Amino acid sequence: MIDFRAVSGTADFLFMRHGESEGNRDREMQGRQESPLTEQGRAQARAAGRWLAGRGVARVLASPLGRAMETAAIAASAAGIPAPEPLALLEEIDIGLFTGLTPAQAAERHPAEYAAFQRSSWDAVPGAETVVRLYARAMDLWRHLLARTAAGERSILCVTHSGFLQWIIKTTVGQRAWMPLFSASGNCCVSHLRVDNRDAAGGRTLLATWLLVNAPVADGLR
């Protein structure tokens, strides 16, 4: 688990999944395959930007995959907040053999591997990123974010992907397995962790609270 005691005062960490991509629309398992946003995805990003406006976001980081960077750029422009910076730690999980396939195609072309996937999730898929590596990458991301907080950045938005967002949340509760899943897969939905570590009467208080998980902030566009 992450040790949030290093945070002095308060900090807000916002995580948003990218808008709808062509792969999402076509029910493909994208992984790190590039897939542009649909017009619906761009509308979702603009709506999310309107929600973000006035919330004090001082830094925007995004997965370097095109669908995340475009989402972040559209939302940042609509919100009047800084343009996004690419951060490789926010990339989607590598799903190996199933990259670019729909579930039906994966089941037809790789029946044994798909059956194993149904039992054991991505750890059973050849070439996919393991839970050990995913947990370590998410921990590295939190260390990066906490270092930025220590440098004075108090509200950071990260635009990422549904698969890796699972691990961003899991590391905060010490979960090291794929199951159970968190509901965190809506396009342009937001998850918000607030850390409050202020001096209070009687001693030090520490709160690290998920205020939102998968909140549909894009004006009902999913």
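Structural data are supplied above this passage.
These numbers were taken from a predicted model, which means no experiment stands behind them.

Caption draft 1: Region of interest: the pairing of strand β4 (residues 155-160). Taking burial as the measure, the six residues of β4 include six buried ones, the bulk of the element. Here β4 shows two buried faces, one formed by Ser 155, Leu 157 and Val 159 and the other by Ile 156, Cys 158 and Thr 160. Across six bridges, the pairing between strand β1 (residues 9-17) and β4 is parallel. Each residue of the ladder has a partner; that of Phe 15, found in β4, is Cys 158.

Caption draft 2: Representation of the environment of Gly 56. On the secondary structure map, Gly 56 appears in the loop between α2 (39-52) and β2 (59-62). Residues Gly 56 and Ile 156 lie 100 residues apart in sequence; the distance between their C-alpha atoms is 8.9 Å.

Caption draft 3: Spotlight on the nonpolar core. Judged by nonpolar contacts, the single largest core of 40 residues is most densely connected at Phe 13, Phe 15, Phe 98, Trp 122, Trp 142 and Leu 145. When residues of this core are assigned to their parent elements, the largest contribution, nine residues, is made by helix α6 (residues 131-150). If near-sequence neighbours (up to four positions away) are discounted, Phe 15 is found in contact with Leu 141, Trp 142, Leu 145, Cys 158, Leu 165, Ile 168, Cys 189, Val 190, Ser 191 and Trp 210. In this structure, Met 16, Ala 45, Leu 52 and Val 57 belong to the second largest nonpolar core, which totals 24 residues.

Caption draft 4: Representation of the packing of α6 against helix α7 (residues 162-170) in the model. For the pair α6 and α7, the least separation of the axes is 9 Å and the interaxial angle reads 70°. Between α6 and α7, the angle is such that the two are roughly perpendicular. Considering the relative orientation of α6 and α7, their crossing is right-handed. Counting all contacts with α6, which are made through Val 131, Leu 134, Tyr 135, Arg 137, Ala 138, Leu 141 and Trp 142, the residues of α7 involved are Phe 164, Trp 167 and Ile 168. Looking at the contact of α6 with α7 residue by residue, the class counts come to nine nonpolar, no polar and one charged.

Reading the values: the criteria
- Residues numbered from 1 in each chain as written.
- Predicted model: local features only at pLDDT ≥ 70, side-chain atom pairs only at ≥ 80, totals over all residues.
- Heavy atoms only, no water.
- Buried < 20%, exposed > 50% of the residue type's maximum accessible area, 1.4 Å probe, protein only.
- Helix = DSSP H or I, 4+ residues; strand = E, 2+ residues; numbered from the N terminus.
- Pairing = 2+ DSSP bridges.
- Core = buried A, V, L, I, M, F, W, Y, C linked by side-chain atoms within 4.5 Å.
- Contact = heavy atoms within 4.5 Å.
- Axes fitted to C-alpha atoms, helices over the stretch in contact; angles between N-to-C directions.
- Parallel < 35°, antiparallel > 145°, perpendicular 65-115°, else oblique.
- Left-handed = near helix turned anticlockwise from the far one by under 90°.
- Nonpolar A, V, L, I, M, F, W, Y, C, P; charged D, E, K, R; others polar.

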